[in-house]
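For reference, the chains in residue letters:
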Amino acid sequence: MTDKLPESLAKAVKATLEDWKANNKVQRLWARDASLWTNTDEGKWLGWLGIVEEQLAKRKSFQQIAEEIRAAGFTHAVLLGMGGSSLCVEVLELTFGKFPGYPKVSTLDSTDPAQIKSVESKLDIGKTIFIVSSKSVSTLEPNIFKQYFYERVKQVVGAAEAGKHFIAVTDPGSNMQKVAEASGFRHVFFGLPSIGGRYSALSDFGAIPGAIQGIDVGKLFDRAEKMVHACGASVPADQNPGAILGATLGTLAKSGRDKLTFFTSPGISDLGAWLEQLIAESTGKEGHGIIPVDRERIGPPDVYGNDRVFAYLRLETAPDAKQDAGVAALESAGQPVIRISVPEIYDLGQEFFRWEFATAVAGSVIGINTFNQPDVEASKIETRKLTDAYEKSGSLPPESPVLQDSGMKLFTDEKNAAALKQAAGSDATLAGYLRAHLNRLHAGDYFAVLGYIQMNDAHESQLQAIRHAVRDKRRVATCLGFGPRFLHSTGQAYKGGPNSGVFLQITCDDAADLPVPGHKYTFGIVKAAQARGDFQVLAERNRRALRVHLGADVAAGLAKLAQAIQQALA
């Protein structure tokens, strides 16, 4: 790891590291000293510090489960989970690909009916093992994913055999453990209660699906162990890669460089999604934090403000020349750049630990509890209110748009509605309201597109075009998330972090819906409730937010939206 920082920032980082050395803060972190943060319960959440050693001691057990699943003839494995329970698995799935003779692994972390059907359509249900992964007792999605696919498996193989197609990864004593045992799951694997979801990559939440995929997880842990030692309690802060990275990120965030922008080589491109969650949920709270920016293409230096810090994770076996040139141009322009060399893909094990350690350090520097996520819980509560109401009445509460135009509807709360109406003036059109909304972006702000639509290549391409149009015109950082998955990731920072976001939420009518067995509500209703709950908490936090409802034809709606945004930016 190397960095190139402007002189004033380099001096500030050096001072932070000197403070960490003088006050023995690396040793105190390893001693689980909660006073490094807010002196509340942080010491209870540092089990990840010792997880690599524990996993290396049971590496044979990972080989055994991999061979068992392969010998049973399963051709597909689907991870059903959200946030920390799914993102590491997705990184491994997309980075390592399919191994000959092992199941093809995929992840499901969306309540969008079209996305669920898309995953299901690629499966041979009778030859699929489902991994239900959940730490939190309050996370709705893994439970309803299990209910849906358990019924589907029963239809194919019969009730007596259905449980053999399921594995649970959960914490001891959780509700998911009870569900798994009652349903006759093939296995229940346990995480550690002292490891939060976003720090669970190197626990069984990442290791079990990775082993089933065919990855040599022992090798992954061998690489991780090197980083554990490099970040050890006896290593001085200014020689400790995790401490250096964390001190840099925390110090720059406090100096106004709080938009951490990731560039990752194509071969490890999905690592950014995992990093987003780790950084956002850990640091974005109490009005402070780091806003992670992933999948924003490298632009010329003049599209960036002075609120950025760039992290370039370069895969040495397959670098990208355009990325190299783009990052070099940013360095030459005086932007702060952190470079991390990743020799090959098994070195992701090192990166998981490096960034976990660095994030804990950054949270200490910023002065927050790195290990809680209060605003994620707030969204869950609002969603639960809506789904409970639907169970009783069979409908969601009515809502009225502030504008209807071009076949689309705009929704927002009273405060945002009044501000937008005044700013739009006589231009009461879709483009007029979008212009008023985008005009609320100022230097140091960021623009976030929150799409509660199916996550697929076509939709991502359309939303990427929107975010980059805004970035290039307004010179602000931009974020893109698909709901509900981002609720368990960047959603914490959007609601609890700095009030510097301007949010465009996108919803749709589902062309086809799917039932949730045992409930009146459907997956489409759950998704709608999640979007409403998300927006309500954004509004309660006085965020600048607007929701665009596309209707049932999502592709056509996105095309109209993109056209209106181009008009708004003109």
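Peer 1: Explanation requested: the sheet that holds strand 10 (residues 337–342) in the structure shown.
Peer 2: What holds strands together in a sheet is hydrogen bonding between their backbones, with the strands either parallel or antiparallel. Spatial strand order, 1-10-9-7-8: five strands in an open sheet with mixed pairing. Taken across any chain shown, the strands that pair with only one partner, and hence form the sheet edges, are strand 1 (2–4) and strand 8 (291–293). If you compare each strand with its neighbour and ignore which way they point, the axes differ by 20° on average. Pairing between strand 1 and strand 10: three bridges, direction antiparallel. If you follow Thr2 over to strand 10, its bridge partner there is Arg339. Together, strand 1, strand 7 (259–264), strand 9 (308–315) and strand 10 form the strand contacts of helix 14 (residues 321–332), whose direction differs from that of strand 10 by roughly 150°.

Peer 1: Before we go on, may I ask you to explain helix 7 (residues 140–157) in this structure?
Peer 2: Note: α-helices contain 3.6 residues per turn, so residues at a spacing of three or four share the same orientation. End to end, helix 7 covers 26 Å across 18 residues, agreeing with the expected 26 Å (1.5 Å per residue, within 8%). Of the residues making up helix 7, those classed as buried are Glu141, Pro142, Asn143, Ile144, Phe145, Lys146, Tyr148, Phe149, Tyr150 and Val153. Gly158 sits one or two positions beyond helix 7 and adopts a positive phi of about 95°.

Peer 1: What is the right way to read the packing of helix 19 (residues 457–474) against helix 22 (residues 554–569) from this model?
Peer 2: The angle between the axes and the distance between the axes are what describe a pair of packed helices. Remark: helix 19 packs on helix 22, axes separated minimally by 10 Å, with the N-to-C direction vectors making an angle of 5°. When the axis of helix 19 is compared with that of helix 22, the two are roughly parallel. Contacts from His459, Gln462, Leu463, Ile466, Ala469, Val470, Lys473 and Arg474 of helix 19 reach helix 22 at Val554, Ala555, Leu558, Ala559, Leu561, Ala562, Ile565, Gln566, Ala568 and Leu569. Along the lines of polarity and charge, the residues of the contact of helix 19 with helix 22 split into 13 nonpolar, three polar and two charged.

Peer 1: What's the story with the pattern of salt bridges in this structure? I'm lost.
Peer 2: Pairs can form between side chains of opposite charge once their charged atoms are near each other. The tally for this structure, following the rule as stated, stands at 41 salt bridges. Across the pair Arg223 and Glu344 runs a salt bridge whose closest N-O atoms are separated by 2.6 Å. Here Glu344 lies in the loop between strand 10 and helix 15 (348–366) and Arg223 lies in helix 11 (residues 217–230), a separation of 121 residues in the sequence. A salt bridge links Glu351 to Arg354, with the shortest nitrogen-to-oxygen separation between them at 2.9 Å. Of this pair, Glu351 and Arg354 both sit in helix 15, separated by three residues, roughly a single helical turn. For the pair formed by Glu351 and Arg354, the shared burial category is buried. Taken together, the shared-partner salt bridges in this structure form one network comprising Glu296, Arg297, Arg308, Arg471 and Asp472.

Peer 1: Help me out: how do you make sense of the nonpolar core in this one?
Peer 2: The nonpolar side chains of a soluble globular protein tend to be buried, and buried together. Trp48, Trp274, Phe352, Phe353, Trp355 and Phe357 are the most contacted members of the largest nonpolar core, which totals 92 residues. Among the elements that take part in this core, helix 15 stands out by supplying eleven residues, more than any other. Setting aside chain neighbours within four positions, we find Trp274 in contact with Leu87, Cys88, Val91, Arg198, Ala201, Glu351, Phe352, Trp355 and Glu356. Ranked by size, the runner-up nonpolar core spans 36 residues in total, among them Ala436, Ala469, Leu546 and Val554.

Peer 1: Would you take a moment to explain the environment of Thr429 for this structure?
Peer 2: With respect to the helices, strands and loops of the structure, Thr429 is situated in the loop between helix 17 (414–424) and helix 18 (430–438). With a relative accessible area of 28%, Thr429 lands in the partly exposed category. Ignoring anything within four residues of it in the chain, the contact list for Thr429 reads Leu403 and Asp405. Here the side chain of Thr429 touches Asp427 through a polar contact of 2.8 Å, side chain to side chain.

Thresholds, definitions, all that
- For every chain, the first residue of the written sequence is number 1, and numbering continues from 1 onward in sequence order.
- Restriction of local features to residues with pLDDT of at least 70 applies here, the model being predicted, together with a cutoff of 80 or more for giving and counting side-chain atom pairs; totals for whole chains, interfaces and linings are based on all residues.
- Note: side-chain values were computed over all heavy atoms of the structure, leaving out hydrogens and water.
- Here, strands pair whenever DSSP counts at least two bridges between them.
- Put simply, DSSP H or I for four residues or longer makes a helix, DSSP E for two residues or longer makes a strand, and each gets a number counted from the N terminus.
- Angular values range over 0 to 180 degrees, each being the angle between N-to-C directions of two axes fitted as lines to C-alpha atoms, with helices fitted over their stretch in contact.
- Residues are treated as being in contact if the distance between any of their heavy atoms lies within 4.5 Å.
- Here, expected helix span is obtained from the residue count minus one, scaled by 1.5 Å.
- The cut-offs for exposure are 20% and 50% of the maximum accessible area for each residue type, with area from a 1.4 Å probe on protein chains only; residues under the lower value are buried, those over the upper are exposed, and the others partly exposed.
- Oblique is the label for any angle not under 35 degrees, not over 145, and not in the 65 to 115 range, which are roughly parallel, roughly antiparallel and roughly perpendicular in turn.
- Gly is placed with the polar residues, together with every amino acid not listed as nonpolar (Ala, Val, Leu, Ile, Met, Phe, Trp, Tyr, Cys and Pro) or charged (Asp, Glu, Lys and Arg).
- By salt bridge we mean one thing: a side-chain nitrogen of Lys or Arg within 4 Å of a carboxyl oxygen of Asp or Glu.
- For the purposes of this section, nonpolar cores are sets of buried Ala, Val, Leu, Ile, Met, Phe, Trp, Tyr and Cys residues that join through side-chain atoms within 4.5 Å.
- Two N or O atoms count as a polar contact when they lie within 3.5 Å, although within protein this holds only if one can serve as hydrogen donor and the other as acceptor, and sequence-adjacent residues are included solely when both atoms are side-chain atoms.

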